[in-house]
Amino acid sequence: MSETSSAATAAPEVELDWSIESEGGSVVLPPSAYVRPRRNHVRRNLEIIILAGPAILLFLMFVIAPVIVALYYSFYKWKGFGPTNADNFVGLDNYKWTLTNPEFWGAVGHNGIIMVLSLVMQGPLAILVALLLNQKMRGRSLIRVLIFVPYVISEAIVGIGMFLMLQDEGALNKLLGLHVGWLSNPKVAMWTLMFILTWKYLGFAIILMLAGLQGIPEELSEAAAVDGATFWQIQWHIMLPLLKPTIKVWGFLSIIGAMQLFDLVYVIWGQYIATTAGVSTMAWFMAANGRLSGQLGRGSAIAIIVFILSLVVAMIYQRWVLNRDTEGALTEKEED
Amino acid sequence: MSKVKVVNKQTGAVLKATPKDGGWGHPAIYFIALCIIAVCLAPVLYIIVNGFRDNSQMTLNPSGWPNPWVPGNYGAVVTGRIGMFWRQAWNSTYIALITVVLVIVLGVMTSFVLARYKFKMRGAIYLLFASGLMFPLSVAITPLYIMMIKTHLAGSALSVILPQVAFGLPQTIIILTPFLAAIPMEIEEAAFVDGCSRLGFFFRMVVPLSMPGVITVAILNFVGSWNSYMLPLYMLTDESQYTLPLGVQMFSSAHSQETAQILAFTSLAMIPALIFFSLFEKKIVGGLTGAVKG
Amino acid sequence: MNRMAKVSVVAVACAASLALASCGSSNPGSTGSGAAAPTTGGAATSSGEQVTMELWHNGTGEKGPAVFEKAVSDFEAAHSNVKINITIVQNEDFDGKLQTAMAGGTTPDIFLQRGGGKLNDQVKADQVMDITSLIDPQVKSEIGGNWALETLDSKIYAVPMSLQPEGFWYSGNLFKDAGVDAKSITDMTSLSAAVDKLKASSKSAISLGGKDAWPAAHWFYQFALRQCSKDVIQGLVGAQNFDDPCWLAALQSLADFAKTEPFNSGFLTTAAQQGAGSSAGMVANYQAAMELMGAWEVGVIGGLTPDKKNLPDLGFFPFPKVDGGKGDQAAMMAGADAYSCSIKAPKECADFLNFLGAKAQQEGFSEAFSQIPANSTASGKVTDPALKAAADALAKSPYTVLWIDSALGQDTGNAVNAAVVALLAGSADPAAALAQMQKAF
């Protein structure tokens, strides 16, 4: 466990040798020459508890505890209220119902498509825009704010607006004189969803990339420019490799987001027609067949299944993408 | 701590604040930016403009321009004739701000531990938080509500804030940890040489140096709280405590949904979040300013 | 007097228990529960214990909140010891929020009751008050046969406010333009002929909100009402299967009718009532000539017209006959809006329900929401001609059947509705849709 998950703490691959100069003059400290003073473990552990304890406690109380309760409900035919007892205990029936339901596996497939397309469509675009917006130029702040606008609007409103625009008799078809079933045609609807997702969440990717770019000292690109490197050479050979840790974190969040996608599908397609339109997702399936059908026990079981599937995907990502560069980067041995 | 500066041994570059407000960029950059902005804003403008129409106009001609313009939708929202816009805007604001502060404080502290301390439980703790991203809130909502009833918190702002903070921690920690890990080890070591404790290092070096990441997660959490619908819906019952998204929904009913008013309400509801973003966006840039110079 | 004494005994018991556990601190409405004496006459108790009750309703929109506020303030004026807090919950969020409140033990004292399978679940979970013996005799006789929709095992659990028979709501102007006489539509042949004429003259013949599934499913329910005998359709909940061949026949009838493309283009992604572009909005703005819907349609359309007034040329005709059907060809399908008391509510809750069931409030609600009151003495406030026609048709109906999804309960009902959508979308034939429905039990 600890090897795989520490992966996300990946340090930049390009090792930068920084030295510290005090006022008196340059005192270069090669990393190996420095001997860390012995500090006692009790104190270190106390620091860990003080710093991480409150967050862990809060997280256990408000995330993990409800999840465990949900796990309990998943073994019952529970309507959301009333007792759970021997009468409505159904064992693994809720799990069986889900795993043998072709509509669920259809939704899993859609999640897979969304996951891949999100990475392919949003990633390069966001990196490109972030690199461009990282330049010194006038009006940059305004441009950033405007690009971020879609991310700020709530999903519910995006749903209402997009629904009005994209209906068969909606604004877009009227404007273009078309009769495309943007939302209803199963061959089109998935691309409509991908366009909306890209539109909505591109701002998220860009802001993350921009933040990552700030950690890259400008002197690197300036020095390269002095050496005659072109703009794109600098981006490709210096900025992009140094941005890798950020890109990987974004990739992780994007993948998990794609696995959990619910809001936009629900507000645009509602409770019933997502399957026929070919845009149903696992989380949508969970809501439609769980809470919205008054079957909270079953909904909990679906949530557990989605959780396990997400975890597997996340672990694979950790192992194959995040973990590769960590060897060597995290050289410090465990102290205990 | 005496004055230090960070110098790259290979390039001789000094880590310092750099002026970021240069001149005009290449026209091509503006052109690309303009195209992206057009795509980003078109649906938003559609929403804002339709706030000036009424239901009937929208049904008859979905792609039309307001005819006549109906300023009443916006007027009704701002003057409080429908809904409690200002009250709800205030509720949304303070809930979002408290959430952001708590998430940032707890998130930075935990990320620091995960990034800079090496101990056995580290991987397990990271995995614990990461797993929080994979569980939908909608399943946890009933247990959460029962918990809030038992602790007499249901109906209070805390019943929204606390779960929101807890559910905001995973993303915050996953984004922040690499930022903190990326702070060169030598800076930490230099700090120790200067007699700084690890906690001292945390406050004097880590927090300022990780500002771009901190501001980023602050914005993400603010937006998340601002638009959050499910938690306030289930936790709050008193309309005077409602947040803006709940207020938006109050306009609509199964029997006649006031689409135009909803669009007007939302267009206005979007503004505070954008102000928050534009204020802090500048801080993402130049986060290194002054930090390293001590 | 006897009742007063009882109330104060409870009050003492409550005060004593204060030290141990706060008595109704989070839900003050539960004070004095269980003291419900059978002698309720609706008379005011002027100096009883202070009682606070929570009321949850879904009356959003223009007039909804005001009607409830008026009802509550009138009731509070007559019962000085009662305070009622109103919470409005958006219709689509209502059931989820109520479920959660029931799970947390904070069920509101008075709440909207959807009836059917949901009522059944609530009764099984000990959440709803049995008000059979608490109903004012006069209200009881005035509401008469309409109690049936709120009754389970001959116990009454809610007071109905309005009745919503279903049929076609049409625009008289568009019908006239197309040369269609609504009275001539008596069977499927004449309906199809009317659809052809309407398609030639107006934008859409029939609007359908397929996005919400239930409006599409109601077409199936109506065909089933015609195809299935009274015993089969009324026995569905008990039988828990769609084995009788009439169900397949009903799906087939719907499939055949759908083949003539009578619905608005893009009906699968059309919302039913959500404002602009909805199927009701299309009728309100002369974009479609008619819609199959319950009697709430009058008010919904009224909220979506340009001037927010009821559509002046709106008309009503019942679902046509289906040749060879085993059901009574005049039978109606209908629902009711009702209010229930929590099992933990104080006895004043039943007083409030009686108050809602009496003539004055039924008239007020009927006027504000443009609906048919459950209390027959309040029917004078029904002035809309279309609504009157619907009320008349309901009066002539030999038997009335509740919506099939409501009757079967949320879970099975949703699955049935989804199967009908699949049928209309062309992704399932009648046999496949039937198999999908069977699986839901």
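Because the structure is predicted, anything quoted here is derived from the model rather than measured. Numbers given to residues run from 1 along each chain, matching the order in which its sequence is written. Throughout, the order in which chains and ligands are written sets their labels, letters from A for the former and numbers from 1 for the latter. The predicted origin of the model limits local features to residues at a pLDDT of at least 70 and limits the giving and counting of side-chain atom pairs to 80 or more, whereas totals for whole chains, interfaces and linings rest on all residues. Here the side-chain values reflect all heavy atoms present in the structure, with hydrogen atoms and water set aside.

1. Points about the overall build of chain B
Worth spelling out the cut-off: Strands here mean DSSP runs of E at least two residues long; helices mean DSSP runs of H or I at least four residues long; both are numbered from the N terminus. A contact between two residues is defined here by any heavy atoms of the two lying within 4.5 Å. Each accessible area value is a Shrake-Rupley result obtained with a 1.4 Å probe; residue values ignore everything except the protein chains displayed when judging cover.
Scanning chain B from terminus to terminus reveals 13 helices and one strand. Secondary structure elements in chain B, listed N-terminal to C-terminal, are β-α-α-α-α-α-α-α-α-α-α-α-α-α. Put simply, 72% of the contacts in chain B that link residues at least 6 apart link residues at least 24 apart. Total accessible area on chain B stands at roughly 10400 Å², and carbon and sulfur atoms take up 70% of it.

2. With respect to the state of the cysteines
Residues and elements named next belong to chain C. Selection rule: By convention in this document, the label disulfide applies to cysteine sulfur atom pairs within 2.5 Å. Accessible area is worked out with a 1.4 Å probe on protein chains only. A residue is then buried under 20% of its type maximum, exposed over 50%, and partly exposed in between.
Using the criterion set out here, one finds two disulfides over all chains in the structure. Residue pairing for cysteine 228: its cysteine sulfur links by disulfide to cysteine 246, the two sulfurs lying 2.0 Å apart. The sign of the S-S torsion, about 95°, decides the handedness of the disulfide formed by cysteine 228 and cysteine 246: right-handed. With cysteine 228 in the loop between helix H8 (214-227) and helix H9 (230-234) and cysteine 246 in helix H11 (residues 245-259), this pair connects stretches of sequence that are 18 residues apart. Here the two residues cysteine 228 and cysteine 246 agree in accessibility, since each one is buried. Bridging cysteine 341 to cysteine 349, the disulfide has an S-S length of 2.0 Å. Judged by the torsion about the S-S bond (-100°), the cysteine 341/cysteine 349 disulfide is left-handed. Here cysteine 341 falls in the buried class, since its relative accessible area comes to 0%. Using a relative accessible area of 0% as the deciding quantity, one classes cysteine 349 as buried.

3. Remarks on the confidence of the model for chain C
Low pLDDT means the predicted atomic positions in that stretch should not be read closely. Here is the rule: The pLDDT score gives, residue by residue, the confidence of the prediction method on a 0 to 100 scale.
Mean pLDDT over chain C stands at 84; residues scoring 70 or higher make up 88%. Low pLDDT, under 50, characterises residues 1-47 of chain C; the stretch is placed with 53 contacts to residues that sit more than four places away or in other chains.

4. Focus on the nonpolar core
Worth spelling out the cut-off: To qualify as a nonpolar core, a set must consist of buried Ala, Val, Leu, Ile, Met, Phe, Trp, Tyr and Cys residues joined through side-chain atoms within 4.5 Å. Note that the domain bounds were set by an automatic or database domain assignment.
With 326 residues, the main nonpolar core has A:Trp269, C:Trp169, C:Phe175, C:Trp219, C:Phe220, C:Trp247 and C:Met290 as its most contacted residues. It is helix H8 (residues 186-214) of chain A that provides the largest number of residues to this core, a total of 17 residues. Both domains that furnish three or more residues to this core are identified here as domain 1 (39-73) and domain 2 (92-325) of chain A.

5. Describing helix H4 (residues 102-133) of chain A
Residue and element names in this part refer to chain A. The line we're drawing: Residue count minus one, scaled by 1.5 Å, sets the expected span of a helix. Working definition for bend: take the seven residues up to and ending at a residue and the seven starting at it, fit an axis to each, and measure the angle between the axes. Pairs of N or O atoms are called polar contacts if they sit within 3.5 Å, as long as, within protein, a hydrogen donor faces a hydrogen acceptor (for residues adjacent in sequence, only side-chain-to-side-chain pairs).
The terminal C-alpha atoms of H4 lie 45 Å apart, and with 32 residues this matches the ideal 46 Å at 1.5 Å per residue to within 8%. The sharpest bend along H4 measures roughly 25° and falls at glutamine 122, with the proline proline 124 sitting one to four residues further on. Its side-chain oxygen 2.9 Å from the backbone nitrogen of glutamate 103, asparagine 101 forms the N-cap of H4.

6. A word on the interface of chain C and chain A
We apply this condition: We define buried area as the total accessible area lost by two parts upon association, computed with a 1.4 Å probe and summed across both. Here, a salt bridge means any Lys or Arg side-chain nitrogen found within 4 Å of an Asp or Glu carboxyl oxygen.
Contact residues are listed per partner, giving 32 residues for chain C and 30 residues for chain A. Note on chain C versus chain A: buried area summed over both sides is about 2200 Å², and carbon and sulfur give 55% of it. Our enumeration of links across chain C and chain A arrives at one salt bridge. Here chain C and chain A share seven residue pairs in polar contact (both at pLDDT 80 or more) between them. Counting residues per element, the ones that place at least two in the side of chain C that touches chain A are helix H3 (91-103), helix H4 (116-124) and helix H18 (410-425) of chain C.

7. Some thoughts on the packing of aromatic side chains
Centre distance and the angle of the planes are the two values used to describe a pair of aromatic rings. The criterion, for reference: Note on aromatic contacts: the rings of Phe and Tyr and the six-membered ring of Trp form a pair at centre separations within 6.5 Å, being stacked when their planes are under 30 degrees apart, edge-to-face when over 60 apart, and tilted otherwise. We call a charge positioned over a ring when the NZ of a Lys or the CZ of an Arg lies within 6 Å of the ring centre and within 35 degrees of the ring normal.
Summed over the entire model, instances satisfying the criterion amount to 44 aromatic pairs over all chains. Summarising the aromatic geometry, the rings of C:Trp219 and C:Phe319 are spaced 6.0 Å apart at their centres and angled 75° between planes, so their arrangement reads as edge-to-face. Of this pair, C:Trp219 sits in helix H8 while C:Phe319 sits in the loop between strand E9 (314-317) and strand E10 (332-341), placing them 100 residues apart in sequence. Owing to a relative accessible area of 0%, C:Trp219 belongs among the buried residues under this scheme. Joined through ring pairs, the aromatic side chains of C:Phe168, C:Tyr170, C:Phe175, C:Trp219, C:Phe223, C:Phe257, C:Phe263, C:Phe267, C:Phe317 and C:Phe319 make up one cluster. Between A:Arg298 and the ring centre of A:Trp97, over which it is positioned, the NZ or CZ distance is 3.9 Å. Above the face of the A:Phe163 ring, C:Lys211 is positioned so that its terminal group lies 4.0 Å from the ring centre.

8. Topic: the packing of helix H5 (residues 122-131) of chain B against helix H7 (residues 157-181) of chain B
Think of two packed helices as two axes; the pair is described by the angle between the axes and how far apart they sit. Residue and element names in this part refer to chain B. For the record, the criterion: Axes here mean lines fitted to C-alpha atoms, for a helix over just the part in contact, with angles spanning 0 to 180 degrees between N-to-C directions. Should an angle fall under 35 degrees it is called roughly parallel, over 145 degrees roughly antiparallel, and 65 to 115 degrees roughly perpendicular, with every other angle called oblique. In this scheme the crossing of two helices becomes right-handed for a clockwise turn of the near helix relative to the far one and left-handed for an anticlockwise turn of less than a right angle.
The contact between H5 and H7 brings their axes to 7 Å, and the two run at 130°. For the element pair H5 / H7, the angle class is oblique. Viewed along their axes, H5 and H7 form a crossing whose handedness is left-handed. Of the residues in H7, those touching H5 at Tyr126, Phe129 and Ala130 are Leu169, Pro170, Ile173 and Ile174.

9. What about the packing of H8(C) against H18(C)?
Residue and element names in this part refer to chain C. Formally: For this scheme, ten residues count as nonpolar: Ala, Val, Leu, Ile, Met, Phe, Trp, Tyr, Cys and Pro. Four count as charged, namely Asp, Glu, Lys and Arg, and the remainder, Gly too, count as polar.
Running from N to C, H8 and H18 cross one another at 90°; their axes reach a closest spacing of 8 Å. On the basis of their axis angle, the class for H8 and H18 is roughly perpendicular. Here Trp214, Ala216, Ala217, Phe220 and Tyr221 of H8 come into contact with H18, specifically with Val416, Asn417, Val420, Val421 and Leu424. Taken together, the residues that form the contact of H8 with H18 break down as nine nonpolar, one polar and no charged.

10. Some points on the pattern of salt bridges
Residue and element names in this part refer to chain C. A complete count under the given rule lists eight salt bridges over all chains for this structure. Between arginine 114 and aspartate 95 there is a salt bridge; the shortest N-O distance is 2.9 Å. Remark: aspartate 95 occurs in helix H3 and arginine 114 occurs in the loop between strand E3 (110-113) and H4; sequence separation between them is 19 residues. Bridged by salt links that share partners, the residues Asp95, Arg114 and Lys118 form one connected network.

11. Description of a nonpolar patch on the surface
Residue and element names in this part refer to chain A. Filter applied, for reference: Here the term patch refers to residues with relative accessible area over 30% and no salt bridge, with like charges joined within 9 Å and nonpolar side chains (Val, Leu, Ile, Met, Phe, Trp, Tyr) within 5 Å.
There is a patch of nonpolar side chains on the surface, built from Ile308, Val312, Ile316 and Trp320 and spanning about 410 Å² of accessible area. Position of valine 312 among the secondary structure elements: in helix H14 (residues 296-322). Residue classification places valine 312 among the partly exposed positions, given a relative accessible area of 43%.

12. Notes on the pairing of strand E6 (residues 158-171) of chain C
Residue and element names in this part refer to chain C. Definition in use: Only strands that DSSP links by at least two bridges are regarded as paired with each other.
In terms of burial, E6 is largely enclosed, as 14 of its 14 residues are buried. As paired elements, E6 and E10 share seven bridges and run antiparallel to each other. Each residue of the ladder has a partner; that of valine 159, found in E10, is tyrosine 339. In terms of strand pairing, E6 meets strand E11 (residues 372-373) through two bridges, oriented antiparallel. From the neighbouring strand, leucine 163 faces E11, where its bridge partner is isoleucine 372. Strand direction decides the pairing type here: E6 and strand E8 (residues 288-294), joined by five bridges, are antiparallel. Residue pairing across strands places phenylalanine 168 opposite leucine 292, the latter belonging to E8. Relative to E9, E6 runs antiparallel, the two being bridged by four bridges. Following the sheet pairing, serine 171 is matched in E9 by leucine 314.

13. A short note on the environment of C:Trp147
All names here are of chain C. Its location among the elements puts tryptophan 147 in the loop between helix H5 (137-143) and strand E4 (151-152). For tryptophan 147, a relative accessible area of 5% translates into the label buried. C-alpha of tryptophan 147 to C-alpha of asparagine 375: the two residues are 228 residues apart in sequence and 10.0 Å apart in space. Among residues more than four places away in sequence, those in contact with tryptophan 147 are Ile135, Val139, Lys140, Ile156, Ala158, Val159 and Pro160.

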